[in-house]
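Reading the structure
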Amino acid sequence: YRSVPEVFAQANAFADKYKFTQVELNEALSEGVPVIRNTTQGVETTLGVFERLAASKPGKTISDAVRAIGELQTGQVQSINRIFNVPLEQANKMKQEIAAGADAVQVVNNYLNQTGITLELLDQRTQGVTGKMRELAVETEKYQRALGGEAQGFGLLLLNAKIEQT
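All values derive from a computational prediction rather than experimental measurement. (Residues numbered from 1 in each chain as written. Predicted model: local features only at pLDDT ≥ 70, side-chain atom pairs only at ≥ 80, totals over all residues. Heavy atoms only, no water.)

As a further point, take the overall build of the chain. Helix and strand counts for the chain stand at 10 helices and 0 strands. Order of helices (α) and strands (β) in the chain, N terminus to C terminus: α-α-α-α-α-α-α-α-α-α. Taking the contacts inside the chain whose residues are at least 6 apart along the sequence as the reference set, 61% of them involve residues at least 24 apart. (Helix = DSSP H or I, 4+ residues; strand = E, 2+ residues; numbered from the N terminus. Contact = heavy atoms within 4.5 Å.)

Bringing the pattern of salt bridges into the picture now. In total, this model carries 2 salt bridges according to the counting rule given. Between Arg67 and Glu71 there is a salt bridge whose closest N-O contact spans 3.7 Å. Linking Arg67 with Glu71, this pair stays in helix H4 (residues 62-73), spanning 4 residues, or about one helical turn. Between Lys132 and Glu135 there is a salt bridge, with the nearest N and O atoms lying 3.8 Å from each other. Residue Lys132 and its partner Glu135 are located together in helix H9 (residues 128-146), separated by 3 residues, close to a single helical turn. (Salt bridge = Lys/Arg side-chain N within 4 Å of Asp/Glu carboxyl O.)

General note: in soluble globular proteins, nonpolar side chains tend to be found buried as a group. Leu29, Leu47, Leu53, Ile69, Ile80 and Val108 are the most contacted members of the largest nonpolar core, which has 39 residues in total. Going through the elements one at a time, helix H1 (4-18), helix H2 (22-37), helix H3 (43-55), H4, helix H6 (88-99) and helix H7 (104-114) are the ones with two or more residues in this core. When near neighbours in sequence (up to four residues on either side) are disregarded, Leu47 contacts Ala11, Phe14, Leu25, Ala28 and Leu29. (Core = buried A, V, L, I, M, F, W, Y, C linked by side-chain atoms within 4.5 Å. Buried < 20%, exposed > 50% of the residue type's maximum accessible area, 1.4 Å probe, protein only.)

The next point concerns the packing of aromatic side chains. The way to describe two aromatic rings as a pair is by their centre distance and the angle between their planes. Under the definition given, this model contains 2 aromatic pairs. Centre to centre, the rings of Phe14 and Tyr18 are 5.1 Å apart; their planes meet at 55°, and the pair counts as tilted. Here Tyr18 and Phe14 lie together in helix H1, a separation of 4 residues that amounts to about one turn. For the pair shown, Phe14 and Tyr18 are each scored as buried. Here Phe14 and Phe20 contribute two aromatic rings whose centre-to-centre distance is 5.1 Å and whose plane-to-plane angle is 35°, an arrangement assigned as tilted. Phe14 sits in the buried class, given a relative accessible area of 4%. (Phe/Tyr/Trp six-rings, centres within 6.5 Å; stacked < 30°, edge-to-face > 60°.)

Given below as structure tokens:
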């Protein structure tokens, strides 16, 4: 069981560290719910695995990564093999580890680390011109929220729930 405030606190810490906007974070959380429910890994680790797997193949999204990991949790290797070019032998090895009781997010995390797709990839988002552009996106979004606009995703659902309670 994970408490909602705990999930959001961990997710916000991840977003602050790697300069994700609230919209990006909401997308990752809403898409990732099935995987997050079935992992023992922390939310920050899980989000990092989603983002690193998506970044490993240009043009792929967090939705693609979540689907591949979700399928892997159920013993299917097609997405991780075809979409992310994980060799079939390695995909089947991950499948066997998970079938033996290993956590799917941890298994994929280990694979990504072994292939050099480490958290340094996410650190790059915070450095140089890219980092400054990410900071600008985050601050612009905060400013828009302060003005009362651009509420989306889970944030909008929570806001509406609060309004209905009052």
